[in-house]
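Below, each chain spelled out in residue letters.
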Amino acid sequence: MDNNIPEIEELIKQFSKLPGLGPKSAKRIILKLINNKENMVKPLAQSLAKVYKNVVRCIECGNLKMIDKVCICSSDIKYEKICVVENLADMWVIESANIYKGHYHILGGTLNSNENFEKKKSFN
Ligand SMILES: [Zn+2]
């Protein structure tokens, strides 16, 4: 793996950016992919291309949706509750626990209140 193939090095760099993966884990994954090129690389590349092309964030609720479909927040299903979460992972945890039935609003991150306070102070 260390024979300086630029494509492999780039792949290691990209995989290392994923949460929970460092360069060693990335190398193990890439080795697995290379050893199963037809069964894993091709389907993975196709899936990534489909997600890149067809999946977008809803500008209303922040959830993921198919580019050519109406988001669940605009569907006929009406709930009286809305759960505001920081990110998609939070929504998936709540969904998998099956403890909540309602709409979601995904913020896509949070602001550090201390940072904002510091910025406000600097404007004065
Ligand atoms: Zn939506």
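Residues numbered from 1 in each chain as written. Predicted model: local features only at pLDDT ≥ 70, side-chain atom pairs only at ≥ 80, totals over all residues.

Enquirer: I'd like to hear about the overall build of the chain, residue by residue, with values.
Expert: Across its full length, the chain holds 5 helices and 4 strands. The order of α-helices and β-strands along the chain, N terminus first, is α-α-α-β-β-β-α-β-α. For the chain, whose C-alpha radius of gyration is 20 Å, the value lies well above the compact-globule estimate of 14 Å for 124 residues. Across its three principal directions, the C-alpha atoms of the chain cover 55 × 50 × 30 Å. Expressed as a percentage of the 124 residues in the chain, the buried residues total 3%. (Helix = DSSP H or I, 4+ residues; strand = E, 2+ residues; numbered from the N terminus. Rg over C-alpha atoms; globule rule 2.2 N^0.38 Å. Buried ≥ 20, exposed ≤ 12 C-beta atoms within 10 Å, placed from the backbone.)

Enquirer: Before we move on, could you go through the packing of helix α1 (residues 6–16) against helix α2 (residues 23–35) and cite the residues and values that matter?
Expert: Contact geometry for α1 and α2: axes closest at 8 Å, N-to-C directions at 125°. Relative to α2, α1 is oriented oblique. Like other packed secondary-structure pairs, α1 and α2 cross with a definite hand, here right-handed. Residue-level inspection shows Ile8, Leu11, Ile12, Phe15 and Ser16 of α1 in contact with α2, the latter providing Pro23, Ala26, Lys27, Ile29 and Ile30. Classifying every residue of the contact of α1 with α2 gives 8 nonpolar, 1 polar and 1 charged. (Axes fitted to C-alpha atoms, helices over the stretch in contact; angles between N-to-C directions. Parallel < 35°, antiparallel > 145°, perpendicular 65-115°, else oblique. Left-handed = near helix turned anticlockwise from the far one by under 90°. Contact = placed C-beta atoms within 7 Å. Nonpolar A, V, L, I, M, F, W, Y, C, P; charged D, E, K, R; others polar.)

Enquirer: I'd like to hear about the environment of isoleucine 67, residue by residue, with values.
Expert: Within the secondary structure, isoleucine 67 is located in the loop between β2 (64–66) and β3 (82–85). Each C-alpha atom of the pair isoleucine 67 and isoleucine 77 lies 20 Å from the other, and the pair is 10 residues apart in sequence.

Enquirer: Requested: an account of the pairing of strand β4 (residues 103–106), with residues and values cited.
Expert: In β4, alternate side chains face the same way, and those of Tyr104 and Ile106 are buried while those of His103 and His105 on the opposite face are not. With 4 bridges joining them, β3 and β4 adopt parallel strand pairing. Among the inter-strand pairings, valine 84 is bridged to a residue of β4, identified as histidine 105. Regarding topology, helix α4 (residues 88–97) serves as the crossover connection from β3 to the parallel β4, and that connection is right-handed. (Pairing = 2+ DSSP bridges. Right-handed = clockwise from strand over helix to strand, strands pointing away.)

Enquirer: Before we move on, can you summarise α4 with the specific residues and values?
Expert: Burial of α4 is sparse: only 1 of the 10 residues sit out of reach of the surface. A positive phi of about 55° marks asparagine 98, the residue just after α4.

Enquirer: With reference to specific residues and values, describe unusual backbone geometry.
Expert: Both trends apply: most residues other than glycine have a negative phi, and most peptide bonds are in trans. One non-glycine residue, asparagine 98, lies in the positive phi region at around 55°. Its location among the elements puts asparagine 98 in the loop between α4 and β4. Taking the C-beta count within 10 Å as the criterion, asparagine 98 has 7 such neighbours and is therefore assigned exposed.

Note that all results are geometric; they support no functional claim without further evidence.
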